[in-house]
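Understanding the architecture of this molecule
Single-letter residue listing:
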Amino acid sequence: MNYIYESTHKKENKNTGRCILYALTILPFLSISAIKSTISATVYQQWQMVSICILFCAVIAFARNTKIDFFISYLIAYEALTIVVLSYRHGFSPGIAVVSAAFVLLTILINTDSKAILKTLAIISILIIIANGISLIGSPIDENKEYFIGGKNSFSMKLIPAMGFYTIYILNKYDKLRFIDKLVLLCAAAQIFYGKSGTGIICICIALLMFVSNKAIKNKKIFILAIIALNILFLLAFTYISETPLWGNITRWLDKSSTLTGRTTIWRLAIKNIKEHWIIGNGRGIKLFYINSIGEKQNLFEAHNIFLQVLMCNGVVGFIIYIKYLLKAINKLDIGIPQQKVIFIAIFVCLINGLTESNGDNTLFRLLIAFAYYANNLKEEKNEKIKT
């Protein structure tokens, strides 16, 4: 009996060691403002390079359990297209190549070492929820201010998937949310409300309704395809009515500026770019130049819409691969299992948030998609109580 106890204890210590190592390799790919502003760009890039080497070694260590399936094949195809298009249009970018490699390696590890990766992401999630909350204390929301995880627009992009990972881990371990867990999630939701992100607030409300609802989600693909269709219809409608009085009435009713804080200007630029490079896109990391509402010249690397971003970077070819990759993951989920229901809800509301944010290449969101496909790996083995 003592031997079994000691063996279990050693296994837990080994798992903790892996989680610490995984945390150090995942952190540089989360674009956390407080970390990036603390160290130089060179050191940050070196950290990413070292992380890739460690992740590659971890993949080799689990090589006997590694299987390159269709899901990983879609991911590799999408990331390869990203690198090829960018290299063709603007030249090879080591930074983007490293990020693409990280997505692939982490996805493989989610398949082979899912419980350790989930624990790592849950720990990272609770740390960024708490740290970002502390950075908000006594600080009014400012459009131009950087908080722990970034500007206010990044709150919903990072905190929603973080809430998802934390909830999945707790349900996987305890089968229920404890009081302390509800406080953690409430803290994250409060930050999104405090950031005054209209889309983010809608996402939190929808997620809560879906979580407490006992009604079965019969067709998962319909939900996801509906969001994709909503995105397309929204952008088409915007293209035709943005210059009409109707648009002004709509934005006044929503209590928003006519440009939705510059987004409509960015969407026009993105749509123009897509028309010019619609087959394979114009490459990730391209700049969109525009003049803001106070006459300042601005440049952005994102389209402020998840699917516009994909189309702008990788064109129709990339868009088809991305959608296939997304739907293949969603199709694997069993909504009757609480953890998998949370994964679906998190992905669904992230796609809603994608109406106004470019979260398609957000690391936490991409890892959520990977966990959707490999969700069955998360069935927690219950330890037997051993009397010694």
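Residues numbered from 1 in each chain as written. Predicted model: local features only at pLDDT ≥ 70, side-chain atom pairs only at ≥ 80, totals over all residues. Heavy atoms only, no water.

1. Side note on the environment of Leu 378
As for its placement among the helices and strands, Leu 378 is situated in the segment after helix H15 (363–373). Taking the C-alpha atoms as reference points, Leu 378 and Asn 172, separated by 206 residues in sequence, lie 7.1 Å from one another. Excluding its chain neighbours within four sequence positions, the residues that come into contact with Leu 378 are Ser 114, Lys 115, Leu 118, Ile 168, Asn 172, Ile 343 and Phe 371. (Helix = DSSP H or I, 4+ residues; strand = E, 2+ residues; numbered from the N terminus. Contact = heavy atoms within 4.5 Å.)

2. Describing the packing of helix H9 (residues 198–212) against helix H14 (residues 338–353)
Where H9 contacts H14, the two axes come as close as 9 Å, and the packing angle between them is 155°. Taken together, the axis directions place H9 and H14 in an arrangement best described as roughly antiparallel. Relative to H14, the crossing made by H9 is right-handed. Together, Thr 199, Gly 200, Cys 203, Ile 206, Ala 207, Met 210 and Phe 211 of H9 and Lys 341, Val 342, Phe 344, Ile 345, Phe 348, Val 349, Ile 352 and Asn 353 of H14 make up the contact between the two elements. Along the lines of polarity and charge, the residues of the contact of H9 with H14 split into eleven nonpolar, three polar and one charged. (Axes fitted to C-alpha atoms, helices over the stretch in contact; angles between N-to-C directions. Parallel < 35°, antiparallel > 145°, perpendicular 65-115°, else oblique. Left-handed = near helix turned anticlockwise from the far one by under 90°. Nonpolar A, V, L, I, M, F, W, Y, C, P; charged D, E, K, R; others polar.)

3. As for helix H13 (residues 306–331)
Between its first and last C-alpha, H13 extends only 20 Å over 26 residues, short of the 38 Å set by a 1.5 Å rise per residue. At Asn 314, H13 shows its largest bend, some 125°. Burial analysis of H13 places 20 of its 26 residues in the buried class, the great majority of the element. In this structure Asn 305 caps H13, since a side-chain oxygen of it lies 3.0 Å from the backbone nitrogen of Phe 307. (Expected span 1.5 Å × (residues − 1). Bend = angle between axes of the 7 residues up to and from the residue. Buried < 20%, exposed > 50% of the residue type's maximum accessible area, 1.4 Å probe, protein only. Polar contact = N/O pair within 3.5 Å; in protein donor to acceptor, adjacent residues only side chain to side chain.)

4. Here we look at the pattern of salt bridges
Applying the stated rule across the entire model yields six salt bridges. Of the charged contacts in the structure, one is a salt bridge between Arg 284 and Glu 79, with a shortest N-O distance of 3.6 Å. In this pair, Arg 284 sits in the loop between helix H12 (263–276) and strand S1 (288–291) while Glu 79 sits in helix H4 (residues 70–90), placing the two residues 205 residues apart along the sequence. Judged by relative accessible area, which is 11%, Arg 284 ranks as buried. Glu 79 sits in the buried class, given a relative accessible area of 2%. In this structure, Asp 361 and Arg 284 form a salt bridge, with 3.4 Å as the shortest nitrogen-oxygen distance. Of this pair, Asp 361 sits in the loop between H14 and H15 while Arg 284 sits in the loop between H12 and S1, and the two are 77 residues apart along the sequence. (Salt bridge = Lys/Arg side-chain N within 4 Å of Asp/Glu carboxyl O.)

5. Quick word on helix H3 (residues 41–61)
With 21 residues, H3 extends 30 Å between its outermost C-alpha atoms, agreeing within 8% with the 30 Å of an ideal straight helix rising 1.5 Å per residue. For H3, the set of buried residues is Tyr 44, Gln 48, Ser 51, Ile 52, Leu 55, Ala 58 and Val 59. All buried residues of H3 lie within an arc of 125° about the axis, which places them on one face of the element. In H3, the exposed positions angled more than 90 degrees off the buried face are occupied by Cys 57 and Ala 61. (Arc of directions from axis to C-beta.)

6. With respect to the packing of helix H6 (residues 114–136) against H15
Viewed as axis vectors pointing N to C, H6 and H15 meet at an angle of 145°, and their least axial separation amounts to 12 Å. In this structure, the crossing between H6 and H15 has a hand that is left-handed. Judged by residue contacts, Ser 114, Ile 117, Leu 118, Leu 121 and Ile 128 of H6 engage Leu 364, Leu 367 and Phe 371 from H15. Looking at side-chain class alone, the contact of H6 with H15 contains seven nonpolar, one polar and no charged residues.

7. Overview of the packing of aromatic side chains
Per the counting criterion, the structure on display carries eleven aromatic pairs. Plain terms: the ring middles of Phe 307 and Phe 319 are 5.8 Å apart, the flat faces sit at 80° to each other, and that makes the pair edge-to-face. Overall, Phe 307 belongs to the buried group, its relative accessible area being 3%. Overall, the relative accessible area of 17% leaves Phe 319 in the buried class. Geometrically, the ring pair formed by Phe 344 and Phe 348 is stacked, given 6.0 Å between the ring centres and 20° between the ring planes. Of this pair, Phe 344 and Phe 348 both sit in helix H14, four residues apart, which is roughly one turn of that helix. Note on Phe 348: relative accessible area 8%, which makes it buried. Each residue in the set Phe 71, Tyr 78, Tyr 322, Tyr 325, Tyr 373 and Tyr 374 is aromatic and connected to the rest through ring pairs, giving one cluster. Across the ring face of Tyr 373, the terminal group of Lys 332 is positioned such that the distance to the ring centre comes to 4.9 Å. The cationic tip of Arg 366 hangs over the ring face of Phe 103; the distance from NZ or CZ to the ring centre is 4.3 Å. (Phe/Tyr/Trp six-rings, centres within 6.5 Å; stacked < 30°, edge-to-face > 60°. Lys NZ or Arg CZ within 6 Å of the ring centre and 35° of its normal.)

8. Some words on the side chain of Asp 113
On the secondary structure map, Asp 113 appears in the loop between helix H5 (94–112) and H6. Take Asp 113: its relative accessible area is 7%, and that puts it in the buried class. Asp 113 has contacts with Arg 18, Tyr 22 and Phe 62, leaving out every residue within four places of it along the chain.

9. Describing the confidence of the model for the chain
Within the chain, residue pLDDT values average 84, and 85% of them lie at 70 or more. Low pLDDT, under 50, characterises residues 1–10; the stretch is placed with six contacts to residues that sit more than four places away or in other chains. (pLDDT = per-residue confidence, 0-100.)

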